[in-house]
Amino acid sequence: MLFFNIKTKLFLVLVLVSIVPIIVVTVSSYRSYTRLVNEQTSLVASTTINNSVKSIEEILKNIDRISITVQQQSSTATAYSTVSDELRKLQNTNNQYEIFITRAKLKLIFENILLGYNYINGIYLFMPDGKFISYGNGTDLMVDYIPFNDEWYKQTVASKGELYIGDVGVKPYIINAKSSIGFSRSLFDPNSNEFLGVFMLDCSMDIFAGLNRNPAPSISNIYLANEQGKILFDGTNRDIGQYLPDGLLRKSMAMTGSKQQFTDSKNLTVIQAVPSNNWKVIANISVAKVYEQYGISQKLIIYVSASCAIIFLLLSFFLSNLITKPIIQLTKMMRKNKSQRFVMIEADKKRVDEIGILYHEYGKMMKDIDTHIRESYQNRILTMDSQMKALEAQINSHFLYNTLESINSIAEIEEVESIVVMTKALGDMFRYSIKTDSELVASAEEIQHVDNYMAIQQIRYSEKIVFTKEIEEQVLQTKMLKLILQPLVENAIYHGLENKRGKGRITIKGYQHNELIIFEICDDGAGMSQEQVAELRKLLAQPPEFSSIGQRTKQSIGIKNVHSRLTLYYGIEDGVTIESEKNIGTTIQIKIPSNWEKR
């Protein structure tokens, strides 16, 4: 039997419906549009480069004009004091007040320049004696910066008043600096030709934003590079400050004349020099991408579109019936399992491809999961039932032992009616403890169980123990897990009040807070030290363990058992909390959900 998997079927169908029209269209159209694309590409590249060169020339003229005129511009409302005059004053004084006045006079001039050209980050004047004046747009010079040994300063001075253009990069001597390019010029007194200092403009790379007029950015890129081939502007803004790629660098260095075009099988490159300096503008266009985007005539586009539409309609119909139908059915079945209990699916035994295998494995997986969950759920129910009974048995035996000891002690001393009261209370408590019709009881029944217990203890301790209750009415109507409060009251007596001199008080409080019923068992007995409280909290934090059922330790077994039962039944981790101070008393708080339905 010949076997084709889904991948093979889909591959054969796609090849059949796509390769034939693609070959026909490619052969018939390639010759007709190749020549036209080449001519249009060359024209677009030349036009783009010419516009870029004009923009660069305009930028350099603006920078040149600013640097030349700034030393001749008046620094006040009158025309008698120029920037050059103010710089001469600074060379002959170290008076901080005069320096401050000069900076104030120059501030208006430099602020106008900053406002007029948004790409200027800062304007800086460096005097021959090391003093400097700076005005920045969010930037400033380092306080201790001395430029005399920097290459840009040396080159500027050596240029004898000509504009010097620095490298692109982040200036380490400028605070809050970003990648920028610097333009600097030496300033001289127009009358005496005395060297007054160096004027520098720090410009952001937005200065070349006007070059980004690429009509086809997806298929071409425009570069501006200096004489060494370092990129000053890049249409993608990724390579600024780096050198041109090797291929473009070689073409740039091999260029002759002011403009030259290079063509190969992949790219069309046009390079034009900037007349005022040795910079070069380079347009690099991917010819292959141009062919892809602009090489199909209208007639062929209509033909291909109509052909593809018909073919893909047939293809969609064929695939939806051959391949996707069983997958959709399986998907619907899997969605049903989100809301229903394990809907099984029968595998199609006739199918031997991936779909058949998928159906078979899914059915097998659902059966395995169902079996696993049933077994796990049953085991958990049995385990919880055993744990609950074991915990209740521990509490009951612990309590009955202490109660019988109390009755025996009183019986040996005197025969009074108190024995009858104790016996009746003990019988009620025992019947309540062994009642198995439900794990949940009304809170009023649990409080009555505590009353019976306290009736016995108050006979034993006479007037030494005062017992009070502060229970809200709505709390008495709620359901709770039985045998929760009595073990805690028992702990309060035997660990808190039994060793206290004089009378002691036990108070049970019950109130509702949000979605919780909260009970507090408070005593004013011996209390516990912080170390004992910490040890008890550590004990409560341990998960329930049942490896030693029936054993007893000197730890607060009643509190531990209550906490374990609350954790197992309600699933709350902080069901029991303890606060205690030595010789002050202890408060134990338990939390029970007010609207709990056992699942």
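Residues numbered from 1 in each chain as written. Predicted model: local features only at pLDDT ≥ 70, side-chain atom pairs only at ≥ 80, totals over all residues. Heavy atoms only, no water.

**Examining the overall build of the chain**
Tallying secondary structure elements over the chain gives 14 helices and 19 strands in all. Put simply, the chain has 599 residues, and 43% of those count as buried. Within the chain, residue pairs in contact and separated by at least 24 positions form 63% of the contacts whose partners lie at least 6 positions apart. Counting only carbon and sulfur atoms, one obtains 55% of the accessible surface of the chain, whose full area is about 34400 Å². (Helix = DSSP H or I, 4+ residues; strand = E, 2+ residues; numbered from the N terminus. Buried < 20%, exposed > 50% of the residue type's maximum accessible area, 1.4 Å probe, protein only. Contact = heavy atoms within 4.5 Å. Areas by Shrake-Rupley, 256 points an atom, 1.4 Å probe, with all protein chains shown as cover.)

**A short note on the packing of aromatic side chains**
Scanning all chains against the criterion turns up 10 aromatic pairs. Between Phe 148 and Tyr 153, the ring centres sit 5.4 Å apart and the planes meet at 65°, which makes this aromatic pair edge-to-face. For Phe 148, a relative accessible area of 29% gives the class partly exposed. Pairing Trp 152 with Tyr 173 gives two aromatic rings, centres 6.3 Å apart and planes at 25°, and the pair type is stacked. (Phe/Tyr/Trp six-rings, centres within 6.5 Å; stacked < 30°, edge-to-face > 60°.)

**Some remarks on the pattern of salt bridges**
Per the stated rule, a full pass over the model turns up six salt bridges. A salt bridge links Asp 451 to Lys 469; the nearest nitrogen and oxygen atoms lie 2.9 Å apart. Of the two residues, Asp 451 is situated in helix H10 (residues 443-461) and Lys 469 in strand E14 (residues 465-471); the sequence distance between them amounts to 18 residues. For the salt bridge of Asp 524 with Lys 500, the shortest nitrogen-to-oxygen distance reads 3.4 Å. Remark: Lys 500 occurs in the loop between helix H12 (485-497) and strand E16 (504-513) and Asp 524 occurs in the loop between strand E17 (516-523) and helix H13 (530-541); sequence separation between them is 24 residues. We classify Asp 524 as partly exposed; its relative accessible area is 28%. (Salt bridge = Lys/Arg side-chain N within 4 Å of Asp/Glu carboxyl O.)

**Quick look at the pairing of strand E2 (residues 132-136)**
The pairing of strand E1 (residues 120-126) with E2 spans five bridges and is antiparallel. If you follow Gly 122 over to E2, its bridge partner there is Gly 136. Hairpin connection, E1 to E2: the antiparallel pair is bridged by five residues, and Gly 130 has positive phi, about 100°. (Pairing = 2+ DSSP bridges.)

**Some remarks on the sheet that holds strand E4 (residues 164-170)**
Spatially, five strands are ordered E2-E1-E7-E6-E4 in an open sheet, and the strand pairing comes out antiparallel. Every other strand in the sheet has two partners, leaving E2 and E4 as the edge strands with one partner each. Between one strand axis and the next, the sheet turns by 20° as a mean value, whatever way the strands run. Those strands touched by helix H3 (residues 96-116) are E1, E2 and strand E7 (195-204), and its axis lies near 40° from that of E2. Running at roughly 125° to E7, helix H4 (residues 151-158) makes contact with E1, E4, strand E6 (179-188) and E7 of the sheet. (Axes fitted to C-alpha atoms, helices over the stretch in contact; angles between N-to-C directions.)

**A word on H13**
In a regular helix each residue adds 1.5 Å, so 12 residues correspond to 16 Å; H13 covers 16 Å between its end C-alpha atoms and thus fits that length. For H13, every residue scored as buried is listed here: Val 533, Leu 536, Leu 539 and Leu 540. What you see down the axis of H13 is that its buried residues fit within an arc of 120°, all on one side. What points out from H13, more than 90 degrees from its buried face, is the exposed set Gln 530, Glu 531, Glu 535, Lys 538 and Ala 541. (Expected span 1.5 Å × (residues − 1). Arc of directions from axis to C-beta.)

**Description of the sheet that holds strand E8 (residues 220-225)**
In space, the five strands of this open sheet follow the order E9-E8-E12-E11-E10, with antiparallel pairing throughout. Of all the strands in the sheet, the pair left with one neighbour each is strand E9 (231-234) and strand E10 (259-263). On average, each strand axis in the sheet is inclined to that of its neighbour by 15°, with strand direction left out of account. The pairing of E10 with strand E11 (residues 267-273) spans five bridges and is antiparallel. Note that in E11 the partner of Phe 262 across the bridge is Thr 269.

**Observations regarding the nonpolar core**
Counting 45 residues, the largest nonpolar core has Val 489, Ile 493, Ile 506, Phe 519, Tyr 570 and Ile 590 as its most contacted members. It is H12 that contributes the most residues to this core, seven residues altogether. With residues near it in sequence (within four places) discarded, Phe 519 still touches Ser 443, Ile 447, Val 475, Met 480, Leu 485, Lys 509, Gly 510, Ile 588, Gln 589, Ile 590 and Ile 592. Residues Ile 120, Tyr 135, Leu 196 and Ile 207 belong to the second largest nonpolar core, which totals 44 residues. (Core = buried A, V, L, I, M, F, W, Y, C linked by side-chain atoms within 4.5 Å.)

**Focus: a nonpolar patch on the surface**
On the surface, Met 365, Ile 369 and Ile 373 cluster together to form a nonpolar patch covering roughly 240 Å² of accessible area. Positionally, Met 365 belongs in helix H8 (residues 354-413). (Patch = residues over 30% accessible without salt bridge, like charges linked within 9 Å, V, L, I, M, F, W, Y side chains within 5 Å.)

**Observations regarding the environment of Ser 265**
Within the secondary structure, Ser 265 is located in the loop between E10 and E11. A residue is classified by how much of its surface remains accessible, and Ser 265, at 69% relative accessible area, is exposed. In this structure the C-alpha to C-alpha distance between Ser 265 and Ser 286, which are 21 residues apart in sequence, comes to 9.3 Å.

**Focus: the side chain of Lys 560**
Secondary-structure assignment places Lys 560 in helix H14 (residues 557-570). Residue classification places Lys 560 among the buried residues on the basis of a relative accessible area of 11%. Within polar-contact distance, the side chain of Lys 560 engages the backbone oxygen of Leu 539 at 3.1 Å. Apart from the residues within four sequence positions on either side, Lys 560 is in contact with Leu 539, Leu 540, Gln 542 and Pro 543. (Polar contact = N/O pair within 3.5 Å; in protein donor to acceptor, adjacent residues only side chain to side chain.)

**Brief notes about the side chain of Ser 184**
As for its placement among the helices and strands, Ser 184 is situated in strand E6. A distance of 2.5 Å separates the side chain of Ser 184 from the side chain of Thr 156, its partner in a polar contact. Filtering out sequence-adjacent residues up to four positions away, Ser 184 remains in contact with Trp 152, Thr 156, Glu 162, Leu 163, Tyr 164, Val 198, Phe 199 and Met 200.

**What to know about the packing of H10 against H12**
The N-to-C vectors of H10 and H12 enclose an angle of 25°; their axes lie 9 Å apart at closest approach. Overall, the two elements H10 and H12 adopt an arrangement that is roughly parallel. Once H10 is placed against H12, the crossing between them reads as right-handed. Together, Glu 446, Ile 447, His 449, Val 450, Tyr 453, Met 454, Gln 457, Arg 460 and Tyr 461 of H10 and Leu 485, Gln 486, Val 489, Glu 490, Ile 493 and Tyr 494 of H12 make up the contact between the two elements. (Parallel < 35°, antiparallel > 145°, perpendicular 65-115°, else oblique. Left-handed = near helix turned anticlockwise from the far one by under 90°.)

What is shown is where atoms sit, not what they do.
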